[in-house]
Protein chains: 2
Amino acid sequence: MSPQKIANSPTQTCMRKMGMSQHGILEQLKQPKYEGFLDDFRQQSFAKGQLISLPGSANNEVFIVLTGRTRVYLAYEEREFTLCYLEEGDIFATHTRAFVEAAKDSSLLLVSAREFGQKVLQFPELSFLMTDILGEVLSSTLDIIDGLIFHDVRHRLIDFILAQANENGQQTDQGIQFHCDLSIEDISMLIGTSRQTASSLLNNLIRDGYVAREGRSRYTITQPEQLAALVE
Amino acid sequence: MSPQKIANSPTQTCMRKMGMSQHGILEQLKQPKYEGFLDDFRQQSFAKGQLISLPGSANNEVFIVLTGRTRVYLAYEEREFTLCYLEEGDIFATHTRAFVEAAKDSSLLLVSAREFGQKVLQFPELSFLMTDILGEVLSSTLDIIDGLIFHDVRHRLIDFILAQANENGQQTDQGIQFHCDLSIEDISMLIGTSRQTASSLLNNLIRDGYVAREGRSRYTITQPEQLAALVE
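Nothing here was measured: the structure is a model prediction, and the numbers come from that model.

Participant: Can you help me understand the overall build of chain A in this one?
Facilitator: Helices and strands together make up the secondary structure of chain A, namely 7 helices and 12 strands. The contacts of chain A with a sequence gap of at least 6 include a subset with a gap of at least 24, amounting to 74%. Surface exposure of chain A reaches about 10,400 Å², of which carbon and sulfur atoms provide 46%.

Participant: Would you mind going over the relation of the copies chain A and chain B with me for this structure?
Facilitator: Note that the two copies of the chain are related through a rotation about an axis and a translation along the same axis. Rotating chain A by 180° and translating it 0.0 Å along the rotation axis places it on chain B, where the RMSD comes to 0.0 Å. Taken together, these values place the two copies in the relation of a two-fold axis. A symmetric contact is evident, with 100% of the interface residues of chain A recurring at the interface of chain B.

Participant: Would you take a moment to explain the pairing of strand β10 (residues 175-179) of chain A for this structure?
Facilitator: Every other side chain in a regular strand lies on the same face of the sheet, so the side chains alternate between the two faces. Residue and element names in this part refer to chain A. Across the 5 residues of β10, 4 count as buried, placing the element largely inside the fold. Relative to β10, strand β9 (residues 170-172) is paired through 3 bridges, and the arrangement is antiparallel. By the bridge assignment, T172 is partnered in β10 with G175. The hairpin turn running from β9 into β10, its antiparallel successor, is 2 residues long. Taken together, the 4 bridges between β10 and strand β12 (residues 218-221) define a ladder with antiparallel strand orientation. Each residue of the ladder has a partner; that of I176, found in β12, is I221.

Participant: I'm lost on empty space enclosed by the protein in this one. Help?
Facilitator: Leftover empty space is mapped by rolling, across the atoms, a probe with the size of a water molecule. What the rule picks out here adds up to 2 cavities of 30 Å³ or more. Empty space within the largest cavity amounts to approximately 50 Å³. Lining the largest cavity, in full, are L157, F160, I161, F178, C180, I187, L202 and Y219 of chain B. Element by element, the count of residues in the lining of the largest cavity is highest for helix α4 (residues 153-168) of chain B, at 3 residues. Of the residues in the lining of the largest cavity, the class split is 8 nonpolar, no polar and no charged. Every residue along the wall of the second largest cavity is listed here: F160, I161, F178, C180, I187, L202 and Y219 of chain A. Each residue belonging to the lining of the second largest cavity can be placed in one class, and the counts come to 7 nonpolar, no polar and no charged.

Participant: Hey, could you run me through the pattern of salt bridges in this one?
Facilitator: Oppositely charged side chains may form a pair once their charged atoms are brought near each other. Residue and element names in this part refer to chain A. One pass over the full model with this rule turns up 22 salt bridges over all chains. For D40, the salt bridge goes to K119, with nearest N and O atoms at 3.3 Å. Highlighted residues: D40 in the loop between α1 (25-29) and β1 (42-46) and K119 in helix α2 (residues 113-122), separated in sequence by 79 residues. Overall, the relative accessible area of 8% leaves K119 in the buried class. Here the salt bridges do not stand alone but share partners, grouping R69, E87, K104 and D181 into one network.

Participant: For this particular structure, what's the right way to read the packing of helix α4 (residues 153-168) of chain A against helix α5 (residues 184-191) of chain A?
Facilitator: All names here are of chain A. Interhelical geometry of α4 versus α5 gives an angle of 115° and a closest axis separation of 10 Å. In this structure, the crossing between α4 and α5 has a hand that is right-handed. Contact residues: α4 offers V153, R156, L157 and F160, while α5 offers I187, L190 and I191.

Reading guide: rules and limits
- Residues numbered from 1 in each chain as written.
- Chains lettered and ligands numbered in written order.
- Predicted model: local features only at pLDDT ≥ 70, side-chain atom pairs only at ≥ 80, totals over all residues.
- Heavy atoms only, no water.
- Helix = DSSP H or I, 4+ residues; strand = E, 2+ residues; numbered from the N terminus.
- Contact = heavy atoms within 4.5 Å.
- Areas by Shrake-Rupley, 256 points an atom, 1.4 Å probe, with all protein chains shown as cover.
- Least-squares fit on C-alpha atoms with pLDDT ≥ 70 in both.
- Buried < 20%, exposed > 50% of the residue type's maximum accessible area, 1.4 Å probe, protein only.
- Pairing = 2+ DSSP bridges.
- 1 Å grid on protein atoms, 1.4 Å probe; cavity = no way out; pocket = protein on both sides within 12 Å on 5 of 7 lines; lining within 4 Å.
- Points joined across faces, edges and corners; volume = space filled by probe spheres on them.
- Nonpolar A, V, L, I, M, F, W, Y, C, P; charged D, E, K, R; others polar.
- Salt bridge = Lys/Arg side-chain N within 4 Å of Asp/Glu carboxyl O.
- Axes fitted to C-alpha atoms, helices over the stretch in contact; angles between N-to-C directions.
- Left-handed = near helix turned anticlockwise from the far one by under 90°.

Have a look at this one:
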């Protein structure tokens, strides 16, 4: 069974990939027909933990992640909720109600939204790509709302695990192995719960034999069909 | 105090206006420079309660509401959650995980997303408008997530009331009067709770003197500052 096969729960194709790597935007922009598009972008480095943008900030910029990983999150008083992580090749804008921070040392290409818009006018085919990207971001936020409204935390954790496997899983003799270097605290902020709850739910899945964990960042779904069945 | 003045809670500018009437898209499209843009749209009527689109349907269309009101909602088993209502001049797409139904008898202009994209290529300035619209839709969904994660139902109800007043409120001697023809059940599905809970919370706000209700669809916020302070 391929990892794709387990992705049949409606919320499962979702969690938290607003990233646009699948569009390979950097690759696309290297095509001769887009020559000049990236000229006005400036490159800037951010150290792990550094804030890239705040909600309500006046400057409205579009950025592409060159290296590293950035976290997009909502915050209220002491609480945080992670909307998504952006990886190499992902594109996003600073002008939202979300915070953006460097989750690892990161290097970005930035340009003002105004200049970006002018550029797209010069390369109108890119407007299709932009519409696709915004559509996917929107789709991800609808997935999040769906999860929050209709499903409990355990369901959201299982969705997260299945989505990770779906994205980078490899079939092995033991099951579907995938790599995920997010900490339990990171995961808890993605599914909207406390670190303690996320940890205890994950340990239950491990104890019940659905998932195995090797080291800090490697997991195997030992019973993929049964795990998917838990959220059907 | 103008109705705008009370809109200082972060989530308050939000609830459930993904509609794009403020862009007056139909007005804009009547400009000579956009002549021909609407030519390939077909007009179609939907009776109150009729489904306009289902998640996962193959046809991917863009539509503009000419008359009436459509409801965009998520559903799971017996439960529904309303994302937004679209009114005259609002634009949306059918190709999302949401259901769209006619909340009143409605008339829409529809076109396939592919043709719509081709049209935008012919009128590249429209890509700015489209980006704005998608950005606003995205922003509304982030508001919803923010409300669901960080605020309880009472907070979301107050946000809803303040947003309604902000959108169509009139200052009167009694306070800020606004019109809202949504039923308590409609409102409960917008804020993600049961009809009973929404009704009891609204009655508490009325009993405590923050809000008065006249007839089925007219409300007055009698103590706007105090009401806004409840969610600060």
